[in-house]
Amino acid sequence: MRWFRRKHDQPWEVVGCEFVEPVLMFDETGEVDIVRIGAYDACRKYIFDFKKHVPDGDQCVDALLFSQQQLLQEVARTHYNVLLLEGWTLTRLRRGKQHRLEVDYIGRAAYVSASGKPPASRRPPFIAVLQGQRLLS
């Protein structure tokens, strides 16, 4: 398969990359009862384009939270309700004045029963890495 790029299009330049390997999101204190675990990791890529401004740390956090919620909605369709393991990669790209964030979110789906109530929503692991950062222009 050949990939063609228009002659006037510049390639995307990688400006920065942060990643977190998949980590266990629940400790072993027995706060939840794991009923079943998915057979494989779910991994999806989400792309966010910024036409006129540079994304800051808060927008990176928002992109990561959106990606987590989208993956949770997807695994919910297969009758799971949490991500037991979660990890992510956030890549910052630039092409001229355009900026792009690519989020690769990975998680192992599971169904947990926490005394009849749904499990509390959790933030992505190590999200504080992104807060307060600004992309270099």
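Structure report, in brief. Since this is a predicted model, take the numbers as computed values, not measurements.

In this section: the packing of aromatic side chains. Counted by the stated rule, this structure contains one aromatic pair. Their ring planes at 80° and their centres at 5.8 Å tell us that Phe 48 and Phe 66 sit as a pair that is edge-to-face. Here the residue Phe 48 occupies a position in strand S2 (residues 33-50), and Phe 66 occupies one in helix H1 (residues 57-76), the gap between them amounting to 18 residues. Over the face of the ring belonging to Tyr 80 we find Arg 36, whose NZ or CZ atom lies 5.1 Å from the ring centre.

Before going further, it helps to spend a moment on the layout of surface pockets. One water molecule sets the probe size; rolling that probe over the atoms shows where empty space is left. Roughly 180 Å³ of internal volume is contained in the largest pocket. As for the largest pocket, its lining consists of Gly 38, Ala 39, Tyr 40, Ala 42, Arg 44, Glu 74, Val 75, Thr 78, Tyr 80, Gly 107 and Ala 109. If you list the elements that add at least two residues to the lining of the largest pocket, you get S2, H1 and strand S4 (98-113). Along the lines of polarity and charge, the residues of the lining of the largest pocket split into six nonpolar, three polar and two charged. Estimates place the volume of the second largest pocket at around 150 Å³. Along its surface, the second largest pocket is lined by 13 residues, and Leu 72, Val 82, Ala 120, Ser 121 and Arg 122 are the ones closest to its centre. Counting residues per element, the ones that place at least two in the lining of the second largest pocket are H1 and strand S3 (82-95). Considering only residue class, the lining of the second largest pocket consists of seven nonpolar, four polar and two charged.

Next up on the list: the pattern of salt bridges. Tallying each qualifying case throughout the model produces seven salt bridges. Linking Arg 94 and Glu 13 is a salt bridge whose minimum nitrogen-to-oxygen distance equals 3.2 Å. With a gap of 81 residues between them, Arg 94 in strand S3 and Glu 13 in strand S1 (residues 13-24) connect regions that are remote in the sequence. Overall, the relative accessible area of 42% leaves Glu 13 in the partly exposed class. Note that Glu 102 and Lys 45 form a salt bridge whose closest N and O atoms lie 3.4 Å from each other.

Take the side chain of Glu 86 next. Looking at the element boundaries, Glu 86 is found in strand S3. Taking relative accessible area as the criterion, Glu 86 reaches 4% and is therefore assigned buried. A polar contact is formed between the side chain of Glu 86 and the side chain of Gln 68, at a distance of 2.9 Å.

The strand order across the open sheet formed by four strands is S1-S3-S4-S2, and the pairing between neighbours is antiparallel. Looking at the sheet topology across the chains shown, the edges are occupied by S1 and S2. On average, each strand axis in the sheet is inclined to that of its neighbour by 5°, with strand direction left out of account. As defined by bridge partners, S1 adjoins S3 across nine bridges and the pair is classed as antiparallel. Bridge pairing in S3 links Leu 24 to Leu 85.

Before going further, it helps to examine unusual backbone geometry. Positive phi is not limited to glycine here, since His 79 has a value of about 70°. Looking at the element boundaries, His 79 is found in the loop between H1 and S3. His 79 gets classed as exposed once you look at its relative accessible area, which sits at 58%.

How each quantity is defined
Residues numbered from 1 in each chain as written. Predicted model: local features only at pLDDT ≥ 70, side-chain atom pairs only at ≥ 80, totals over all residues. Heavy atoms only, no water. Phe/Tyr/Trp six-rings, centres within 6.5 Å; stacked < 30°, edge-to-face > 60°. Helix = DSSP H or I, 4+ residues; strand = E, 2+ residues; numbered from the N terminus. Lys NZ or Arg CZ within 6 Å of the ring centre and 35° of its normal. 1 Å grid on protein atoms, 1.4 Å probe; cavity = no way out; pocket = protein on both sides within 12 Å on 5 of 7 lines; lining within 4 Å. Points joined across faces, edges and corners; volume = space filled by probe spheres on them. Nonpolar A, V, L, I, M, F, W, Y, C, P; charged D, E, K, R; others polar. Salt bridge = Lys/Arg side-chain N within 4 Å of Asp/Glu carboxyl O. Buried < 20%, exposed > 50% of the residue type's maximum accessible area, 1.4 Å probe, protein only. Polar contact = N/O pair within 3.5 Å; in protein donor to acceptor, adjacent residues only side chain to side chain. Pairing = 2+ DSSP bridges. Axes fitted to C-alpha atoms, helices over the stretch in contact; angles between N-to-C directions.

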